[in-house]
Amino acid sequence: MSPIGVSARRGAAGDTDADTRIVGLFEGESLDEPELQELIDSGEAKGGFKKLAMTHVDGKRVVVVGLGKRADFDAERARVAAAVAAGRASELGGHSLSWAAPTPEVAGALVEGTLLKLYKFDQFKSKKNGDDEDDSGDGVTSLEVSSADADLVDSLSEATVRSDATNRTRDLQNLPSNVATPEFLSNRAREIADAHGSLQFEVFGRDQIVEMGMGSFAAVAQGTYAEPQLIVLRYSPSDAKGAHLGLVGKAVTFDSGGISIKPAGKMHEMKFDMSGGAAVIEAMGAIAELAVPARVTAVVAATENMPSGRSMKPGDIVTAMNGKTIEINNTDAEGRLILADALCYAVEQGAEKLVDIATLTGAIVVALGSTYSGLFANDDDWYGQVAAAGDTAGEPGWRMPLHDEYLDLTKGTYADLQNSSEQRKASSAYAAEFLRQFVDGRPWVHMDIAGTAWSTGNAWAGNGATGFGTRTFIELAETV
């Protein structure tokens, strides 16, 4: 449940009881309220995208935010404008916000931009300066969206569910790895299933992972004393339609690199290496809450990657669940090893269309920065559906190539495959070609979110965890 109450209201924008009104202004257009038009005429309020101005009308604070050109305005621009305005309103001490929706179609996006922007993760902080005074009155507590001609209740409710799920994913991402262990993630998945009768939960520990023939996953997990978990959530409502969707997430709760240890600088960020798995888990809760008529199986491979006397070593050879053998040439290329077996398991469970999501390669950050996730696909139609879901959700991806020459790089000297090549060519495509060997030829999309999972600097996420992928999966389940 969001800490910010969201409601819809019909009627004139100025009739709100909220202490802060937010009014969008398109470039080159005017407003029908004289006091606000004066702000435009004076040059203080501008329609340029994300421009802000503030005034008071009838004793209420009014924040005017530029929406840019009307022809360019879409749901993502609405999210960004809402985030910018919410941030300013919060700085000014606003507690209750009221948006006059520029168009009914973007009402949900206004909710998402607001709730995502106002997300906070402060559970480990003591009170400021040791002050024990109650500060429960601080911050924004309510948001209403008004429109003169539309019933917004359903769209606002769905947007709240999507936003809450994204923020819960961010909570999991932001937790330190000594708290968010693999067993912590499995307990969270169990908690979600217990709250929804339509979800079934199952988990497999170290011994079971080995017994199931998941030698690739087991190799990564053998170096850590934390119990690895293969987390499975199944959603199959009576009205399910469309293809059986398989969502597969990487959840390395801390990635030291193993024997091929990472440099110390920024290693603390490797608590985020479970971001894909977190998105899958929380998306499943939202899918169940929204009663989406789809059949979805979620598989999350959760483990630490740690150096120890029992860790996998460069040169080791292991066998994945589908019988393919793998030379482990770099223990820091562990994500593809755990995903290989997780994909095999999703196939075994009957998933007909697959998406995997992972903070997999630093190379994707070099290629695409923090604007797009990297998308790799073996099926054009399925790629188009996944990409469209991401665009609608405001989580865009850019298609990257697969090629037989990249596949050739993955071939091992002593085994079928090698998890890393000394040639260091097309590293993100290499990883995707490796994963393609475990999907049994089924329609599949790989999402590399190493550049979009945290520290994107965008208007609603800032420099923390983003929850990227959560809303894409909800949208995908609704359209599969």
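Everything quoted here is computed from the prediction, not taken from an experiment. (Residues numbered from 1 in each chain as written. Predicted model: local features only at pLDDT ≥ 70, side-chain atom pairs only at ≥ 80, totals over all residues. Heavy atoms only, no water.)

Participant: A description of the overall build of the protein should follow, citing residues and the corresponding values.
Facilitator: Along the protein, the regular secondary structure elements total 14 helices and 17 strands. C-alpha extents for the protein along the principal axes are approximately 75 × 55 × 45 Å. Counting only residues that meet the buried cut, the protein has 56% of its 480 residues in that class. Total accessible area on the protein stands at roughly 19600 Å², and carbon and sulfur atoms take up 46% of it. Of the side-chain charges in the protein, 43 are positive and 69 negative, and the distance between the mean point of each set is 3 Å. (Helix = DSSP H or I, 4+ residues; strand = E, 2+ residues; numbered from the N terminus. Buried < 20%, exposed > 50% of the residue type's maximum accessible area, 1.4 Å probe, protein only. Areas by Shrake-Rupley, 256 points an atom, 1.4 Å probe, with all protein chains shown as cover. Lys, Arg positive; Asp, Glu negative; His and termini not counted. Charge placed at Lys NZ, Arg CZ, Asp CG, Glu CD.)

Participant: Any details on the packing of helix α9 (residues 335-348) against helix α13 (residues 427-436)? Residues and values, ideally.
Facilitator: In the contact formed by α9 and α13, the axes pass within 9 Å of each other and the chain directions differ by 30°. The angle between α9 and α13 falls in the class roughly parallel. In this structure, the crossing between α9 and α13 has a hand that is right-handed. Mapping the contact onto sequence places Arg336, Leu337, Leu339, Ala340 and Leu343 in α9 and Tyr430, Ala431, Phe434 and Leu435 in α13. Of the residues that constitute the contact of α9 with α13, the class distribution is eight nonpolar, no polar and one charged. (Axes fitted to C-alpha atoms, helices over the stretch in contact; angles between N-to-C directions. Parallel < 35°, antiparallel > 145°, perpendicular 65-115°, else oblique. Left-handed = near helix turned anticlockwise from the far one by under 90°. Contact = heavy atoms within 4.5 Å. Nonpolar A, V, L, I, M, F, W, Y, C, P; charged D, E, K, R; others polar.)

Participant: Which residues make up unusual backbone geometry, and what values do they have?
Facilitator: At Lys266, a residue that is not glycine, the phi angle is positive and equals roughly 65°. The residue Lys266 is located in the loop between β9 (245-255) and α8 (275-289) in this model. For Asp440, which is not glycine, the phi dihedral falls at a positive 60°. Residue position: Asp440 is located in the loop between α13 and β17 (444-448). For Asp440, a relative accessible area of 55% translates into the label exposed.

Participant: Requested: an account of the environment of Pro396, with residues and values cited.
Facilitator: As for its placement among the helices and strands, Pro396 is situated in the loop between α11 (380-393) and β15 (397-399). Once the C-alpha coordinates of Pro396 and Pro3 are considered, the two residues, 393 residues apart in sequence, prove to be 27 Å apart. Every residue in contact with Pro396, bar those within four places of it in the chain, is listed here: Thr371, Tyr372, Ser373, Gly390, Asp391 and Phe468.

Participant: Just give me the short version of the pattern of salt bridges, but keep the residues and values in it.
Facilitator: Applying the stated criterion to the full structure yields 25 salt bridges. Note that Glu282 and Arg168 form a salt bridge whose closest N and O atoms lie 3.3 Å from each other. With Glu282 in helix α8 and Arg168 in helix α4 (residues 153-174), this residue pair connects regions lying 114 residues apart in the sequence. On the accessibility criterion, Glu282 (1% relative accessible area) is buried. (Salt bridge = Lys/Arg side-chain N within 4 Å of Asp/Glu carboxyl O.)

Participant: Just give me the short version of the side chain of Asn174, but keep the residues and values in it.
Facilitator: Of note, Asn174 is situated in helix α4. For Asn174, a relative accessible area of 12% gives the class buried. Setting aside chain neighbours within four positions, we find Asn174 in contact with Tyr119, Phe121, Lys271, Phe272 and Ala465.

Participant: Explain the packing of aromatic side chains to me, using residue names and the numbers behind them.
Facilitator: In the structure shown here, the tally under the stated rule is six aromatic pairs. When the ring of Phe26 is compared with that of Phe73, the centres are 5.2 Å apart and the planes differ by 90°; the resulting orientation is edge-to-face. One end of the pair, Phe26, is in strand β2 (residues 20-26); the other, Phe73, is in the loop between β4 (60-68) and α2 (75-91), with 47 residues separating them in the sequence. Its end group placed over the ring of Phe49, Arg77 keeps NZ or CZ at 4.1 Å from the ring centre. (Phe/Tyr/Trp six-rings, centres within 6.5 Å; stacked < 30°, edge-to-face > 60°. Lys NZ or Arg CZ within 6 Å of the ring centre and 35° of its normal.)

Participant: Help me get a handle on a negative patch on the surface, residues and values and all.
Facilitator: There is a patch of like negative charges on the surface, built from Glu35, Glu38, Asp41 and Asp58. Of note, Asp58 is situated in the loop between β3 (52-57) and β4. Taking the relative accessible area as the measure of exposure, Asp58 reaches 74% and is therefore exposed. (Patch = residues over 30% accessible without salt bridge, like charges linked within 9 Å, V, L, I, M, F, W, Y side chains within 5 Å.)

Participant: Can you lay out α9 for me, pointing to particular residues and giving the numbers?
Facilitator: Here α9 is 14 residues long and its end C-alpha atoms lie 20 Å apart, about the 20 Å a rise of 1.5 Å per residue gives. Within α9, 13 of the 14 residues are buried, which leaves the element mostly enclosed by the surrounding structure. Of the residues flanking the end of α9, it is Gly350, one or two places downstream, whose phi is positive at about 95°. (Expected span 1.5 Å × (residues − 1).)

Participant: Describe the environment of Pro228, naming the residues involved and giving the relevant values.
Facilitator: Relative to the helices and strands, Pro228 resides in the loop between α7 (215-221) and β8 (229-235). By relative accessible area, Pro228 is classed as buried at 1%. When the C-alpha positions of Pro228 and Ser186 are compared, they lie 9.7 Å apart, and in sequence the two are 42 residues distant. Apart from residues no more than four positions distant in its own chain, Pro228 is found in contact with Pro182, Phe204, Gly205, Arg206, Ile209, Phe217, Ala221, Ala302 and Thr303.

Participant: Go over the side chain of Gln173, please, and point to the residues and values.
Facilitator: Following the sequence through the fold, Gln173 ends up in helix α4. One polar contact links the side chain of Gln173 to the main-chain carbonyl oxygen of Ala453, over a distance of 3.1 Å. In contact with Gln173, other than residues within four places in its own chain, are Lys271, Phe272, Met274, Ser275, Ala453, Ala465, Thr466 and Gly467. (Polar contact = N/O pair within 3.5 Å; in protein donor to acceptor, adjacent residues only side chain to side chain.)

Participant: So, α8: which residues are in play, and what are the values?
Facilitator: The terminal C-alpha atoms of α8 lie 21 Å apart, and with 15 residues this matches the ideal 21 Å at 1.5 Å per residue to within 8%. Once α8 finishes, Ala291 follows within two positions and takes phi at roughly 50°, a positive value.

Participant: Tell me about the sheet that holds strand β13 (residues 353-358), and please be specific about residues and values.
Facilitator: Taken in spatial order, the eight strands of this open sheet run β7-β8-β10-β9-β13-β17-β14-β15, and their pairing is mixed. Strands at the two margins of the open sheet, each flanked by one partner only, are β7 (199-204) and β15. When strand polarity is set aside, the average angle formed by the axes of neighbouring strands in this sheet is 20°. Looking at chain direction, strand β14 (residues 373-377) and β17 are connected through four bridges and run antiparallel. Within the sheet, the bridge partner assigned to Phe376 lies in β17 and is His446. Along the sheet face, α9 touches β7, β8, β9, β10 (296-305), β13 and β17 and points at about 150° away from the line of β9. Across the sheet, α13 is in contact with β13, β14 and β17; its angle to β17 comes to roughly 145°. (Pairing = 2+ DSSP bridges.)

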